[in-house]
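# Overview (structure and organization)
Here is how the chains run, residue by residue.
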Amino acid sequence: MATVKEIKATARPRAGKGAAREERRAGRVPGVIYGDNKDPITISLEYADLRQKIYAGRFLTTIYDLDLDGQKHRVIPRDFQLDAVRDNPLHVDFQRIGAGPIRVAIPVRAINADQSPGVKRGGSVSVVTHTVNVMVKPDDIPDAIMVDIADLEITHSKHLSDIKLPDGLKVLSSIDLTLVTIVPPSGYAEELKAAADAAAAAAAAAAAATEAGVAPGAAAAPAAGAPAAGAAPAAGAAPAAPKK
């Protein structure tokens with residue numbers, strides 16, 4: 001079951017850009033609560049508390065009991081905007097949670113990288129897909145989709161179809177989605193080319209020797225029963241008759 005956390009907000013009586021700027025000047029962050037077939041509510045949150053929650057991680061997959069002036073709303077963050085220069089929160093959207101499943105982007109996390117033969121050979125882990133979109137009941141939202149790469153070699157990948165997902169998740173992405181791959185180290189392509197060139201040269205030499213009737217790496221053997229070249233005649237053997 002997903003952990004429910006607390007967050008506090010106050011009602012913001014006025015909407016619009018001017019009202020939002022006033023909130024930011026007062027050290028607060030404007031936001032909105034919407035969904036569940038109810039009217040949206042404009043809210044205001046304490047800047048430091050919201051920033052800490054965003055940068056703590058898993059903000060968009062965490063369920064909150066939002067205390068709005070003493071009234072609780074069960075919500076999940078849907079989006080937030082950050083300042084382009086300072087990365088400070090400028091606005092946040094919350095969706096009310098009803099009884100049915102909701103759409104959530106679950107983060108992807110690679111595990112057991114220290115056991116990967118590709119990593120041991122100098123490769124590096126690359127998370128290709130950072131989140132996977134799923135439909136899931138709010139109480140069943142997992143912290144992450146764990147991808148075990150203990151057996152992954154260089155240039156090999158793990159796909160969504162390779163992963164056993166937690167119960168209750170309906171994936172909205174392609175099952176062939178690449179999640180994690182092992183990137184080759186610098187110079188790896190040159191090493192493969194050199195090995196391939198050496199193997200090709202050895203194969204060519206073996207083929208040439210076979211075509212010449214000589215076993216690779218050895219001189220041709222004498223025919224069965226024939227004396228070796230330069231060998232003395234066997235004892236008692238008659239001399240060869242002179243040619244006419």
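Residues numbered from 1 in each chain as written. Predicted model: local features only at pLDDT ≥ 70, side-chain atom pairs only at ≥ 80, totals over all residues. Heavy atoms only, no water.

## So, the overall build of the protein chain
What counts here: Working definition: helices are DSSP H or I runs of at least four residues, strands are E runs of at least two. Numbering for both runs from the N terminus. Think of it in three bands: residues with accessible area under 20% of the maximum for their type are buried, residues over 50% are exposed, and the middle band is partly exposed, with areas taken using a 1.4 Å probe on protein chains only. The contact rule is simple, with two residues in contact once any of their heavy atoms fall within 4.5 Å. Per-residue and other accessible areas follow the Shrake-Rupley method at a 1.4 Å probe size, with only the shown protein chains counted as cover for residues.
Secondary structure summary: the protein chain contains 4 helices and 13 strands in total. For the protein chain, the proportion of its 244 residues judged to be buried stands at 29%. For the protein chain, long-range pairs separated by at least 24 residues make up 66% of all intrachain contacts whose partners lie at least 6 apart in sequence. Entry remark: accessible area of the protein chain is about 15,100 Å², with carbon and sulfur atoms responsible for 54%.

## Observations concerning the side chain of R12
In plain terms, the rule: Residues scored as charged are limited to Lys and Arg (positive) and Asp and Glu (negative), so that His and the chain ends carry no count. For this analysis, a salt bridge means a side-chain nitrogen from Lys or Arg found within 4 Å of a carboxyl oxygen belonging to Asp or Glu. For the purposes of these results, a polar contact is taken to be a pair of N or O atoms within 3.5 Å, where, inside protein, one atom must be able to donate a hydrogen and its partner to accept one; residues adjacent in sequence count only when each atom of the pair is a side-chain atom.
Within the element layout of this structure, R12 appears in the loop between β1 (4-11) and α1 (17-25). An unpaired buried charge is present at R12: no salt bridge exists, and E23, the closest side chain of opposite charge, is 5.2 Å distant. Looking at R12, its side chain comes within polar contact range of the main-chain oxygen of I43, at 2.9 Å.

## So, the confidence of the model for the protein chain
Note the threshold: Per residue, pLDDT captures the predictor's confidence, and it can take any value from 0 to 100.
Taken over all residues, the pLDDT of the protein chain has a mean of 84, while the share at 70 or more is 82%. Note that pLDDT drops below 50 for residues 232-239; the model gives that stretch 0 contacts with residues more than four away or on any other chain.

## Some remarks on the sheet that holds strand β2 (residues 28-35)
The following threshold applies: Only strands that DSSP links by at least two bridges are regarded as paired with each other. Geometry is summarised by axes, namely lines fitted to C-alpha atoms with helices restricted to the contacting stretch, and by angles between N-to-C directions that run from 0 to 180 degrees.
If you walk around this closed barrel you meet the 6 strands as β1-β3-β2-β6-β5-β4, and the pairing is mixed. Taking each pair of neighbouring strands and ignoring which way they run, the sheet shows an average axis angle of 45°. Sheet topology note: the strand β4 (residues 63-68)/strand β5 (residues 71-82) ladder contains 5 bridges and is antiparallel. Residue pairing across strands places L68 opposite Q71, the latter belonging to β5.

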